[in-house]
Amino acid sequence: MIVGVIGCGTIANSAHIPSYLNNKDVTIKYFCDIIEERATGAVEKYGCGKAVLDYHEVINDPEVDAISVCVPNNMHAPISIDAMRAGKHVLCEKPAARTYQEALEMQKVQHETGKTLIIGVVNRFNDSVNRIKALIDEGRLGEVYHVYVSFRAHRSIPGLGGAFTTKAIAGGGALIDWGVHYLDIVMYCMGDPKTVTVSGEAFSKLGRDIDGYVCKSMWAGPRTPGGTYDVDDSVTALVRTEGPVLTVHGAWAQNIGESETYIDFMGDKGGIRLQYGGGFTLYTTENGALVTHTPDFTMSDMFQNEIDAFVDSVKTGKRLPSHIDTVIITAQMMQAIYDSSEAHKEIRL
Ligand SMILES: NC(=O)c1ccc[n+]([C@@H]2O[C@H](COP(=O)([O-])OP(=O)(O)OC[C@H]3O[C@@H](n4cnc5c(N)ncnc54)[C@H](O)[C@@H]3O)[C@@H](O)[C@H]2O)c1
């Protein structure tokens, strides 16, 4: 399978490119980035492919079967749509797009063209998450009636003033960037229930003072004095679904002590806490006693699993759990949280 990587920044270099290189069925033909050194740097570093600046060159090559879209969120929809229309299969990074409307357009073109479009909700390929899904499907938690979602960090605003904190580019802040993973895990484990009502508030507080924001380090680049900060740095929401109720608490930055990044699945027979990116503990009762189980297992690389599954789906046509049709549910929920926040009232979907 011949692949082009569009966008040669952090996620391309840390996950997509190495995972493609590990897959014996894949040849990377193009590294594309609007910053020339990133494209040429990738060719040099990986010793393969051709560096190009314009993604059209990649999608117009009849030899290319598929692309990875690893660019900022504002370009997810245009590049994915152009690529599918040019006959290419697409793995597009999360979030699907900046807005629900853009995600719907991507879904429409996927349906029209029949090309694969999966979104990088990579936790669907994570071993802990799949074990939890299996336990829930087996009924070990009984009825899961409430899921408590916490993606709260003490000081973790990325590239303050840059692309990640500019709504026109990113579409949103902590919710769309981090929350998308957490909400997607819940949706996946719970069988993708429909959202019924959403009440949310998103706050843009700690990052507004770009120069004065205090932190020990910053990811996704240094702060840009005079740059833009018009996204949420924290969010709270109550979401009723056809399955459980979700309470959502997220923040790139909050005046709390420690970061708290976990999901609690509360069932009437048992509960599970998933430490995001790590393992999990099951709390239940057995023979009249309270018990906890913390399974110990070797975790495989979820990004490698995701890329391998994408390659396999292109070859076989197998439908993946990260298909746009399932990811769209989270896009709709996040949009409703933002809309509810703007209107300061509950949204019924
Ligand atoms: N799955 C995950 O856990 C995960 C982790 C990090 C980032 N991401 C997602 O990946 C995407 C990229 O994030 P990143 O951290 O790698 O950002 P980044 O800024 O490090 O890299 C993005 C690259 O895209 C390039 N680019 C921008 N417009 C382009 C265009 N039109 N054509 C070609 N190249 C273009 C930029 O020059 C840059 O090199 C974002 O949507 C982000 O949400 C996902």
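For clarity, every value in this text was computed on a predicted model and none was experimentally measured. (Residues numbered from 1 in each chain as written. Predicted model: local features only at pLDDT ≥ 70, side-chain atom pairs only at ≥ 80, totals over all residues.)

**A few points about the pairing of strand β7 (residues 144-152)**
And step 1. When β7 meets strand β11 (residues 260-267), the two strands line up antiparallel, connected through eight bridges. By the bridge assignment, Val147 is partnered in β11 with Phe265.
And step 2. Here β7 pairs with strand β10 (residues 245-251) via seven bridges, running parallel. Counterpart to Val149 in the pairing with β10 is Val248. (Pairing = 2+ DSSP bridges. Helix = DSSP H or I, 4+ residues; strand = E, 2+ residues; numbered from the N terminus.)

**Thoughts on the domain arrangement of the chain**
And step 1. Its domain assignment divides the chain into domain 1 (2-122 + 304-322) and domain 2 (124-300 + 331-348).
And step 2. Look at where the C-alpha atoms of domain 1 and domain 2 centre, and you get two points 25 Å apart.
And step 3. Taken together, the contact between domain 1 and domain 2 spans 19 residues of the former and 16 residues of the latter.
And step 4. Breaking the side of domain 1 that touches domain 2 down by element, the ones donating at least two residues are α5 (100-113) and α9 (302-316). (Domains from an automatic or database assignment. Contact = placed C-beta atoms within 7 Å.)

**Thoughts on α5**
And step 1. Compared with the 20 Å implied by 1.5 Å per residue over 14 residues, the 20 Å span of α5 between its first and last C-alpha is a close match.
And step 2. Three or more residues of α5 are buried, namely Tyr100, Glu102, Ala103, Met106, Val109 and Gln110.
And step 3. As for α5, its buried residues are in contact with α4 (76-85), β6 (117-119) and α10 (324-343). (Expected span 1.5 Å × (residues − 1). Buried ≥ 20, exposed ≤ 12 C-beta atoms within 10 Å, placed from the backbone.)

**A few points about the sheet that holds strand β8 (residues 195-203)**
And step 1. Strand order across the open sheet formed by nine strands is β14-β13-β12-β11-β7-β10-β9-β8-β15, with mixed pairing between neighbours. The open sheet has two edge strands with one neighbour each: β14 (289-293) and β15 (347-348).
And step 2. In the sheet, β8 pairs with β15 via two bridges, with the strands oriented antiparallel. From the neighbouring strand, Thr197 faces β15, where its bridge partner is Arg348.

**So, the site of the ligand**
And step 1. Neighbouring residues of the ligand: 24 residues in total, closest Gly7, Gly9, Thr10, Ile11 and Glu93.
And step 2. Among the elements that make up the shell around the ligand, the one with the highest residue count is helix α1 (residues 10-22) (three residues).
And step 3. Residue classes in the shell around the ligand are distributed as 14 nonpolar, five polar and five charged. (Near = placed C-beta within 6 Å. Nonpolar A, V, L, I, M, F, W, Y, C, P; charged D, E, K, R; others polar.)

**Overview of unusual backbone geometry**
Most peptide bonds take the trans form, and the phi angle of most residues other than glycine is negative.
And step 1. Omega for the peptide link from Lys94 to Pro95 comes to -15 degrees, which places this bond in the cis form.
And step 2. With respect to the secondary-structure elements, Pro95 resides in the loop between β5 (89-92) and α5.
And step 3. You will see that Asn287, though not glycine, has its phi angle at about 50 degrees, which is positive.
And step 4. Of note, Asn287 is situated in the loop between β13 (280-286) and β14.
And step 5. A count of 5 C-beta atoms within 10 Å places Asn287 in the exposed class.
And step 6. A positive phi angle is found at His344, which is not glycine, with a value near 55 degrees.
And step 7. For His344, the location among the structural elements is in the loop between α10 and β15.
And step 8. Since 9 C-beta atoms lie within 10 Å of it, His344 is described here as exposed.

**Some thoughts on the sheet that holds β6**
And step 1. Overall, parallel pairing links the six strands, which are arranged β3-β2-β1-β4-β5-β6 in an open sheet. Both outer strands of the open sheet, β3 (50-52) and β6, are each paired with one neighbouring strand and no more. Put simply, the sheet's adjacent strands are angled 20 degrees from each other on average, direction ignored.
And step 2. Note: strand β1 (residues 2-6) against strand β4 (residues 66-69), four bridges, orientation parallel. Bridge pairing in β4 places Val5 opposite Ser68.
And step 3. Along the sheet face, helix α2 (residues 36-46) touches β2 (27-32) and β3 and points at about 175 degrees away from the line of β3. (Axes fitted to C-alpha atoms, helices over the stretch in contact; angles between N-to-C directions.)

**A closer look at the packing of α5 against α10**
And step 1. Direction vectors running N to C along α5 and α10 enclose 165 degrees, while the axes themselves pass 9 Å from each other. When the axes of α5 and α10 are compared, the pair comes out roughly antiparallel. The two elements α5 and α10 cross, and the hand of that crossing is left-handed. In this structure, α5 contributes Tyr100, Ala103, Leu104, Met106, Gln107 and Gln110 to the contact, and α10 contributes Ile324, Asp325, Ile328, Ala331, Gln332 and Gln335.
And step 2. Its residues placed into classes, the contact of α5 with α10 shows seven nonpolar, four polar and one charged. (Parallel < 35°, antiparallel > 145°, perpendicular 65-115°, else oblique. Left-handed = near helix turned anticlockwise from the far one by under 90°.)

**Topic: helix α6 (residues 127-137)**
And step 1. Listed as buried for α6 are Ser128, Val129, Ile132, Leu135 and Ile136. When α6 is viewed along its axis, its buried side chains cluster within an angular range of 125 degrees and face the same direction. Facing away from the buried side of α6 by over 90 degrees, the exposed positions are Ala134 and Asp137.
And step 2. Considering only its buried residues, α6 is in contact with β7, α8 (174-189), β11, β12 (270-275) and β13. (Arc of directions from axis to C-beta.)

**Considerations on the pairing of β8**
Every other side chain in a regular strand lies on the same face of the sheet, so the side chains alternate between the two faces.
And step 1. Judged from the eight bridges that link them, β8 and strand β9 (residues 234-241) form a sheet pairing that is antiparallel. Along β9, the bridge assignment pairs Gly200 with Ala237.

**Concerning the environment of Leu206**
And step 1. Topologically, Leu206 is positioned in the loop between β8 and β9.
And step 2. Leu206 gets classed as buried once you count the C-beta atoms within 10 Å, which come to 21.
And step 3. Sequence-wise, Leu206 and Gln254 are 48 residues apart; in three dimensions their C-alpha atoms are separated by 7.4 Å.
And step 4. Among residues more than four places away in sequence, those in contact with Leu206 are Ile157, Tyr213, Asp233 and Ala253.

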